[in-house]
Structure formats: structure tokens, C-alpha cells
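Reading the structure
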Amino acid sequence: PTTNRGALLSSLFVLSRRRRAMFSSSLLQLGLNLTSIHFIGDLHADVGCAKQWVEKTGLVNLTATPYQWLGDPDKDAMVFLGDYVDKGSASSSVLEFVRSLQESFPDNIVTMLGNHDVFLIFDTALSFSDNNPHPLGHPFYEYAYSFMHPEEYLESEWVKDRDDDEELYASIATALQNVYDNGQEGSARLCAPSCTQKDGPSLDIFSTVSPFLENITLRNRTQERLATWREEYAQGLFDSGLLHWMTKQPLISIVGDALVTHGGVSNEVIQYLESVASKNEMTVADTLHSAINEPFWAFFREELGNASKANSIENRLTGGYIFQLIMDLVQDRGYFDQKNGCKDVQNVIDKVNSHVINENDNDETKAPSVKRIVVGHTPHNYAQELCDGKLLASDSSLSRSFRAHGNLYCPLGEDRRLKQKSYSCDTKPFVNCEGSISQITRESANESWPSSMKRMKLEEVKSMQKRSTRETPDDDRSEL
């Protein structure tokens, strides 16, 4: 991804020296005329709730074919915070839905990438072996919790239907419940056909857990089928174009007055990027874009352009600490540290705002532009506003399977619930969508964004929609 690095830095340097209002144009999404932004947190493979939240914003008519934008095309926006996949059984459907929205309304919708989305990209796009290992040690679908729910394979149209699928899935679900009831999920692996890497103590479910421990034939059949499911699913993600689409989405952006990323920007990363910005005479905001988004996009644009199937990319993201920067952005949770979190938020805001050029000034000034940071990744019951409104935590556990079972792969379909008693998986998946989304509004593009957001629950949204779109909503920052 460093082939045209010199030309890229040169062009960004020229851009950074132009006088312009408020934001670095390379990191800014959707322009400066917005007056309303909805933020939607982690969806985690729940397409039903994803559609409910989008529909309830009043911005999109999902019953129309194709979808119809009901909001103001110049002033209304919707931002997804990433983590569309995992922990539920409809990852592929959520990806299809969100892609359809973003491609239908590219001037109004931003779709960020989360850590689970990035892990799925690596697991699906890259080839890995003992001689060329997975960049994170092993594919994340091997984990027995938190990532690829086995029921996803049965629900996805990319995986062929076979007469004994339900039988083999039930054997996996039985083994997983045994693992969970014994508190072994942290070390257990779904190794099919074998574990990619023995990195520390691990428990191969197929070798050590009932019913596979007693039934070698069932073990071999199930391992072989799980490996087939994974291959077909990866190829489906590739053939559908969703893998390519995912690799074109941003890891960090500015929308309105918000710096938006899934996890956060740590102090270590912002200090490193500040030094890179100074060396190249660029703004920190432009450097965030050129050091993270651009090389990520460029790598997969080239590699997937040459790929004919899933799991065929042998090269790796290298140079400029790009891999480490991506991992930090999508996984960091430092903002929620009670002692230093708000200090870190303010530090990042100050760094991003440094050297911003105000078009009304003759010289470079510190003209504040970013006023808040918006993240997903760290789940709460409802969206929260912290650090005096400078941090908007948007992951409000929107996925019903996550609310019911957390990170465990408990059976989700009513007809797939096991007869054996399990205290780990006794809870039925929730019927109703819970959590909240967030909205910030201002009277006009000439006014500043307010410091507070409106937290919107499903039961509140209908009454919200009756208000004028020009009315500033009441502050809702109640304690959880």
C-alpha cells in the first residue's frame, strides 16, 4: 500500500495548506450543511432490529422499492458505528441491509467499520497457514463465543442446505452448552478441520467435549461439515460483493462536529500521528485519514482486485504501523476509564483541532471544529453522553441475541432450543428491540451544534417524529 505514498503525502500537504472552513476535507464525511445526525450503534447480526431503528428515525421508507429517502437530502444524516456481524444469526442479512442503505443514499449515510467487521474481513479475505499465519494468530471464527455464531451458517443463503445440517448443528450446540456450563468458553475452540494455531492453553471442543468425546463418527462428520460451512460462507461474502464493500468503508471520520470511530483513538496513537503530521506538515485530521483509511482501502482495493476467491490474499498490511493503528481504533476502550478517560477525550479533540484553518483568518489558528467523539464497541443498556457531552457512547446493545445471551452461542431459533437443561442458555431470545439511538440537531448550518444529544428509545420515537424537524430536542442524559 506504499506504492504511491509520496504522491499521496504531497497531495495531502497541498490540501492541508488551503484555507477552508472548519474541517479537514479528507476526513470529513457528508459536508458542512447538516442539521440533524442520527447515530446507530452496534447491530450484531440482528437485521430485524436494524430495520426497526432505521425505520423509526423517519428518514427512510423501507417499504418502497427501492428504498426512499424521506429526510432532507441536504441536511439529514445517519451514521452506523460498525459491528454489523457476529453474536447473532443474521450477520449476512445485516450487511446486505446496511450496504443497500449506504449505496442508495451515499450523501446521507456513513457506515463505519467495527472490530468484528475487520476481523471478518481478515478471516475471509486472507489466506493463512503455518508458513504465513493469520495476522492475529488465528481466525476469529474458531472462538467458542463472541464471534461467528454457528447458527449463522444455517440461516445464510450462501451455505447449501443438507439433510443432516440440523442434526450436526444440534451436536455443536450441545457441546457448546457443556463448555459454557463448565465456564470453559475462554479457552475452548471450534477447530475444523483443526486449530490454526496452538497459542497457549486451548480446548478443542471436538476432541474433549461431549457428545464428540464418545462418538468419533459424529465428531468427524461435524468437523467436516463446519469446515464446509465456513468455506461456503466466506465464498458467499466474496461473491456477493459484500467483502469488497466492507473494505471501502471508513475506520475513522468526521461527521458534523463529531470525530467518529468504533473504539477510540488512544493517547499513544494520537501522539504518534501528531509526530507524523508535524513531520509531513499536515493536520492531525488529515494524517488520521492518510495513515489509516487510505492505506487500508488501497491494500484491499489492489489485493481483492487480483483475487478470484475468498481466503486467497497472501500479502499483509504492513508499513507505517497501519495494522496496529487499525486494531487500536476498533478496539480501544480507554475513554471509559474513570480516572483518565475524559482527559483522553479532551486530548484527542484538542489534537484533531490543532492547525485547523479558519477561512476568515489570514493565519493558521486553533479554530475548534470537532466538539465530541462518538464511539460504539463498549455496550451499555442505552446510549450515553459522558465527559460533559464530549463523548457519545452509542453501543446500546441493540442486538436481541446479545441482550439475551451476551457473547455465548446459545440456540436462537425456537425449534433449535435443546432439551437438555443448561443454566447458561436458558434465557429465550428477546422479542422486542431494546436500547436506544442518538440524535443531535441544530437550527441551521450557520449555528453551532448543541453540546447535548437526544437519546431515542423505540417507544419515544413516534412522539419525536411529530415534532418539527427544526425543533431542538430536550436533553436526555439520565443516569442508567
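To start, this report covers the structure provided alongside it. Every chain begins its residue count from 1, and numbering advances along the sequence as written. This being a predicted model, a pLDDT of at least 70 is required before a residue's local features are given, and a value of 80 or more before pairs of side-chain atoms are given or counted; all residues contribute to the totals for chains, interfaces and linings. Side-chain descriptors were evaluated using all non-hydrogen atoms of the structure, hydrogens and water having been removed beforehand.

**Focus: the overall build of the protein**
How we decide: By definition, any uninterrupted DSSP run of H or I lasting at least four residues is a helix, any uninterrupted run of E lasting at least two residues is a strand, and each is numbered from the N terminus. Only protein chains enter the accessibility calculation, which uses a 1.4 Å probe; a residue whose area is less than 20% of its type maximum is buried, one above 50% is exposed, and one in between is partly exposed. The criterion used for residue contact is that any of the two residues' heavy atoms lie within 4.5 Å. The accessible surface values rely on the Shrake-Rupley method and a 1.4 Å probe; as for residues, cover is taken only from the protein chains in view.
Secondary structure summary: the protein contains 15 helices and 14 strands in total. Relative to its 480 residues, the protein shows a buried fraction of 57%. Restricting to contacts in the protein with at least 6 residues of sequence separation, those with at least 24 account for 73%. Accessible surface, the protein as shown: approximately 20300 Å² in total, 44% of it carbon and sulfur.

**Re the sheet that holds strand S11 (residues 384-386)**
Definition in use: Strands qualify as paired when DSSP identifies two bridges or more between them. Axis geometry follows a simple rule: fit a line to the C-alpha atoms, using only the stretch in contact for helices, then measure angles between N-to-C directions, giving values from 0 to 180 degrees.
Within the open sheet, the 5 strands sit side by side as S8-S9-S10-S12-S11. Their pairing is mixed. Edge strands, defined here as strands with exactly one partner in the open sheet, are strand S8 (252-255) and S11. Taking each pair of neighbouring strands and ignoring which way they run, the sheet shows an average axis angle of 25°. Pairing analysis gives 3 bridges linking S11 to strand S12 (residues 391-393), with the strands arranged antiparallel.

**Quick look at the pattern of salt bridges**
Operational definition: A pair is scored as a salt bridge if a Lys or Arg side-chain nitrogen falls within 4 Å of a carboxyl oxygen belonging to Asp or Glu.
With the rule as written, the count across this model stands at 14 salt bridges. Here Arg-189 ties to Glu-142 by a salt bridge, and the two come within 3.7 Å at their closest N and O atoms. Taken together, the positions of Arg-189 in strand S6 (residues 188-189) and Glu-142 in the loop between helix H4 (115-125) and helix H5 (151-155) put the pair 47 residues apart, joining distant regions of the chain. Judged by its relative accessible area of 7%, Arg-189 is buried. For the salt bridge of Glu-167 with Arg-221, the shortest nitrogen-to-oxygen distance reads 3.1 Å. Of this pair, Glu-167 sits in helix H6 (residues 165-181) while Arg-221 is found in helix H8 (residues 216-239), placing the two residues 54 residues apart along the sequence. For Arg-221, a relative accessible area of 29% puts it in the partly exposed group. Through salt bridges that share partners, Asp-164, Asp-165, Glu-167, Arg-221 and Arg-225 make up one connected network.

**What about the nonpolar core?**
Stated precisely, the cut-off is as follows: Side-chain atoms within 4.5 Å are what join buried Ala, Val, Leu, Ile, Met, Phe, Trp, Tyr and Cys residues into a set we call a nonpolar core.
Within the largest apolar cluster, 119 residues are counted, with the highest numbers of intra-cluster contacts made by Phe-80, Ile-205, Leu-259, Phe-300 and Val-352. Ranked by the residues each element gives to this core, the list is headed by helix H11 (residues 284-305), at 10 residues. Apart from residues lying up to four places away in sequence, Phe-300 is in contact with Ile-121, Phe-122, Ala-125, Thr-247, Gly-305, Ile-313 and Leu-317. Membership of the second largest hydrophobic core comes to 17 residues, among which are Leu-81, Val-260, Leu-392 and Trp-449.

**So, the state of the cysteines**
What makes a disulfide is a covalent bond joining the sulfur atoms belonging to two cysteines. Condition: For this text, the term disulfide refers to a pair of cysteine sulfurs within 2.5 Å.
Applying the stated rule across the entire model yields 4 disulfides. Here Cys-342 connects covalently by a disulfide to Cys-387, the sulfurs 2.1 Å from one another. Sign of the S-S torsion, about -85° for the bond between Cys-342 and Cys-387, identifies this disulfide as left-handed. One end of the pair, Cys-342, is in helix H13 (residues 341-353); the other, Cys-387, is in the loop between S11 and S12, with 45 residues separating them in the sequence. Residue classification places Cys-342 among the partly exposed positions, given a relative accessible area of 41%. In this structure Cys-387 comes out as buried when scored by relative accessible area, which is 13%. Shown here is the disulfide that connects Cys-410 with Cys-425, its sulfur atoms set 2.0 Å apart. Taking the torsion about the sulfur-sulfur bond, which here is approximately -70°, the covalent link between Cys-410 and Cys-425 counts as left-handed. With Cys-410 in the loop between helix H14 (400-405) and strand S13 (437-441) and Cys-425 in the loop between H14 and S13, this pair connects stretches of sequence that are 15 residues apart. One exposure class covers both Cys-410 and Cys-425, and it is buried. Numbered by order of appearance in the sequence, the disulfide-linked cysteines of the protein pair as 1-8, 2-3, 4-5, 6-7.

**Some words on the packing of helix H2 (residues 47-56) against helix H3 (residues 91-104)**
Note the following rule: In what follows, roughly perpendicular refers to angles from 65 to 115 degrees, roughly parallel to angles under 35, roughly antiparallel to angles over 145, and oblique to any angle outside these ranges. Crossings are assigned a handedness: left-handed for a near helix turned anticlockwise from the far helix by less than a right angle, right-handed for a clockwise turn. Here the term charged refers only to Asp, Glu, Lys and Arg, the term nonpolar to Ala, Val, Leu, Ile, Met, Phe, Trp, Tyr, Cys and Pro, and the term polar to all other amino acids, Gly among them.
In the contact formed by H2 and H3, the axes pass within 9 Å of each other and the chain directions differ by 25°. Relative to H3, the element H2 lies roughly parallel. Here H2 runs over H3; the crossing is right-handed. Contact with H2, carried on its side by Val-47, Ala-50, Lys-51 and Val-54, involves Ser-93, Val-94, Phe-97 and Leu-101 of H3 and no other residues of that element. The residue makeup of the contact of H2 with H3, split by class, is 6 nonpolar, 1 polar and 1 charged.

**A look at the pairing of strand S1 (residues 36-40)**
Of all the 5 residues making up S1, 5 are buried; the element is thus mostly covered by neighbouring parts of the structure. Relative to strand S4 (residues 76-80), S1 is paired through 5 bridges, and the arrangement is parallel. Its bridge partner lying in S4, Ile-40 is registered against Phe-80. Across 4 bridges, the pairing between S1 and S13 is antiparallel. Bridging from a neighbouring strand, Ser-36 pairs with Thr-441 of S13.

**Focus on the sheet that holds S1**
Paired through backbone hydrogen bonds, the strands of a sheet run either parallel or antiparallel to each other. Within the open sheet, the 5 strands sit side by side as S5-S4-S1-S13-S14. Their pairing is mixed. Single-partner strands in this sheet number two, and they are strand S5 (109-111) and strand S14 (454-456). Taken pair by pair, the neighbouring strands of this sheet meet at an average axis angle of 20°, ignoring direction. In the sheet, S4 pairs with S5 via 3 bridges, with the strands oriented parallel.

**Quick look at the packing of helix H10 (residues 267-279) against H13**
As a packed pair, H10 and H13 sit with axes 10 Å apart at the nearest point and diverge in direction by 15°. Compared by their axis directions, H10 and H13 come out roughly parallel. Read as a crossing pair, H10 and H13 show a hand that is left-handed. Along the contact surface, H10 presents Asn-267, Ile-270 and Glu-274, while H13 presents Asp-344, Asn-347, Val-348, Lys-351 and Val-352. Taken together, the residues of the contact of H10 with H13 break down into 3 nonpolar, 2 polar and 3 charged.

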